[in-house]
Amino acid sequence: MRSALALIILSVFAIQDVAAADAWRIEQVSKSALPPGGFSETGRPAPGGLPDGLIATARHGDVSEAWYSEPTRRYGHAILGDAIEAGALNVRTAEGDVVTFRLPQSQVFEDRTPRLADLDGDGRTEIITIRSALSEGAAVTVYGLEAGKLRQRATTDFIGRTNRWLNIAAIADLDGKPGLEIAHVRTPHIGGTLIVHTYRNGGLNRIAALDGFSNHAIGSPEMRLSAVADIDSDGLVEIALPSADRRALRIVGLGSGGIEEHAAIALPARVTEPVLHGSVTDSPHFFLGLDNGRVYRVGRK
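Parameters at a glance
- Residues numbered from 1 in each chain as written.
- Predicted model: local features only at pLDDT ≥ 70, side-chain atom pairs only at ≥ 80, totals over all residues.
- Heavy atoms only, no water.
- Helix = DSSP H or I, 4+ residues; strand = E, 2+ residues; numbered from the N terminus.
- Rg over C-alpha atoms; globule rule 2.2 N^0.38 Å.
- Buried < 20%, exposed > 50% of the residue type's maximum accessible area, 1.4 Å probe, protein only.
- Contact = heavy atoms within 4.5 Å.
- Areas by Shrake-Rupley, 256 points an atom, 1.4 Å probe, with all protein chains shown as cover.
- Lys, Arg positive; Asp, Glu negative; His and termini not counted.
- Charge placed at Lys NZ, Arg CZ, Asp CG, Glu CD.
- Pairing = 2+ DSSP bridges.
- Axes fitted to C-alpha atoms, helices over the stretch in contact; angles between N-to-C directions.
- Phe/Tyr/Trp six-rings, centres within 6.5 Å; stacked < 30°, edge-to-face > 60°.
- Lys NZ or Arg CZ within 6 Å of the ring centre and 35° of its normal.
- Core = buried A, V, L, I, M, F, W, Y, C linked by side-chain atoms within 4.5 Å.

## With respect to the overall build of the protein
And step 1. Looking only at helices and strands, the protein features one helix and 21 strands.
And step 2. Relative to the compact-globule value of 19 Å for 301 residues, the protein shows a C-alpha radius of gyration of 20 Å, a close match.
And step 3. Here the C-alpha coordinates of the protein stretch approximately 65 × 45 × 35 Å along the principal axes.
And step 4. Split into buried and exposed, the 301 residues of the protein put 50% on the buried side.
And step 5. Taking the intrachain contacts of the protein between residues at least 6 apart in sequence as the baseline, contacts between residues at least 24 apart amount to 49%.
And step 6. Carbon and sulfur atoms form 51% of the exposed surface of the protein, whose accessible area is close to 13,900 Å².
And step 7. Charged side chains in the protein number 31 positive and 36 negative. The centres of these two groups are separated by 5 Å.

Written out as structure tokens, the structure is:
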């Protein structure tokens, strides 16, 4: 009886998954169909910074710019295509002053460009980074200005082993509550787990996780293999990012049961280029570049 019931339940889930996937379609398009700027990255190169690092900018808050500096080869992981990481984080304050935070010799910023956001809505800007310990792997670490100096405000634990990395997938309002959540993929090259943290009361609190994702191709400098959009017009955004083998686009969001999958759309090749959200005036859709050299649009039927 239990086996029969389990079979029925599995069949129902299978029908739901097929229905979700069938609600979407994929079509090849030309690069001219991409949003303005295409797959290009915005931002100016950082003076004295990483070879492929850019300056992050913000229009509001107490930080106007942030970038990594003091390139170093003290960590040979080379996950982003070279063995040059950053030893320091710089910010330009709203008043124009430059403030620097230097890591100890046992750590680096295994990242290319910091992210700026007011995570808790207090009017102050948080700087979200990927910080790695040479012997313990990566962590998501948040900094902010305090009395004119950069201070660490919150961090996740390091993964726990050298040469273990993570890539941030989204910084957005995923749960409808005050503040923004940070979603990242832990170990995107070896069975990646999508993990969501809230930033509240000066700490990062893990609230959900789901296995089976990758938002980075090993050795590539491209870190933008994810995008957010409200696909069902419920006021909450969902995240679109590749499956663990990067041969499907999975669309997930936060629900009462944690991270819930809305659709998984099979792709003709692996995702290697950015996942971009299309125009908000059209039905929900995403653009992505695959390793067959072509560009595709994934959207609702």
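## Let's talk about the sheet that holds strand β17 (residues 248–255)
And step 1. Taken in spatial order, the four strands of this open sheet run β15-β16-β17-β18, and their pairing is antiparallel. Pairing within the sheet leaves two strands with one partner each, and these edge strands are β15 (227–229) and β18 (258–266). Here the strands of the sheet are splayed against their neighbours by 25° on average, with no regard to which way each runs.
And step 2. For β15 and strand β16 (residues 238–242), the ladder comprises three bridges, and the chain directions are antiparallel. Bridge pairing in β16 places A229 opposite E238.

## Description of the packing of aromatic side chains
And step 1. Per the counting criterion, the structure on display carries four aromatic pairs.
And step 2. Measuring from centroid to centroid gives 4.9 Å for F101 and Y143, while their planes differ by 55°, and the two rings are tilted. Within this pair, whereas F101 is found in strand β5 (residues 98–102), its partner Y143 is found in strand β9 (residues 137–146), the two being separated by 42 residues in sequence.
And step 3. Grouped by ring-pair contacts, the aromatic residues Y68, F101, F109 and Y143 constitute a single cluster.
And step 4. If you follow R250 out to its NZ or CZ, it ends over the ring of F213, 4.1 Å from the centre.

## Description of the nonpolar core
The nonpolar side chains of a soluble globular protein tend to be buried, and buried together.
And step 1. Counting 19 residues, the largest nonpolar core has W24, L249, V275, F286 and L288 as its most contacted members.
And step 2. Broken down by secondary-structure element, the contributors of at least two residues to this core are β15, β17, β18, β19 (271–277), β20 (285–290) and β21 (295–300).
And step 3. If near-sequence neighbours (up to four positions away) are discounted, L288 is found in contact with F39, L249, L267, V271, P274, V275, R294, V295, Y296 and V298.
And step 4. A117, W165, I168 and I182 belong to the second-largest nonpolar core, a separate cluster that totals 18 residues.

## Some details on the environment of L166
And step 1. As for its placement among the helices and strands, L166 is situated in strand β11 (residues 166–172).
And step 2. The spacing of L166 and L194 is 28 residues in sequence and 9.7 Å in space, taken between C-alpha atoms.
And step 3. Here L166 is in contact with I130, A138, A139, V140, I159, H184, V185, R186, T187 and P188, once residues within four sequence places are set aside.

## Topic: unusual backbone geometry
And step 1. One non-glycine residue, N163, adopts positive backbone phi at about 60°.
And step 2. Along the chain, N163 turns up in the loop between β10 (149–155) and β11.
And step 3. The backbone phi angle of S233 is positive, close to 55°, even though this residue is not glycine.
And step 4. When you line up the elements, S233 lands in the loop between β15 and β16.
And step 5. A residue is classified by how much of its surface remains accessible, and S233, at 69% relative accessible area, is exposed.

## Quick word on the sheet that holds strand β1 (residues 24–29)
And step 1. As summarised here, the arrangement of the four strands in space is β1-β21-β20-β19, forming an open sheet in which the pairing is antiparallel. Only two strands of the sheet have a single neighbouring strand rather than two, namely β1 and β19. Ignoring strand direction, the axes of neighbouring strands in this sheet form an average angle of 25°.
And step 2. Where β20 and β21 come together, five bridges link them in antiparallel fashion. Pairing of H285 across the sheet is with G299, part of β21.

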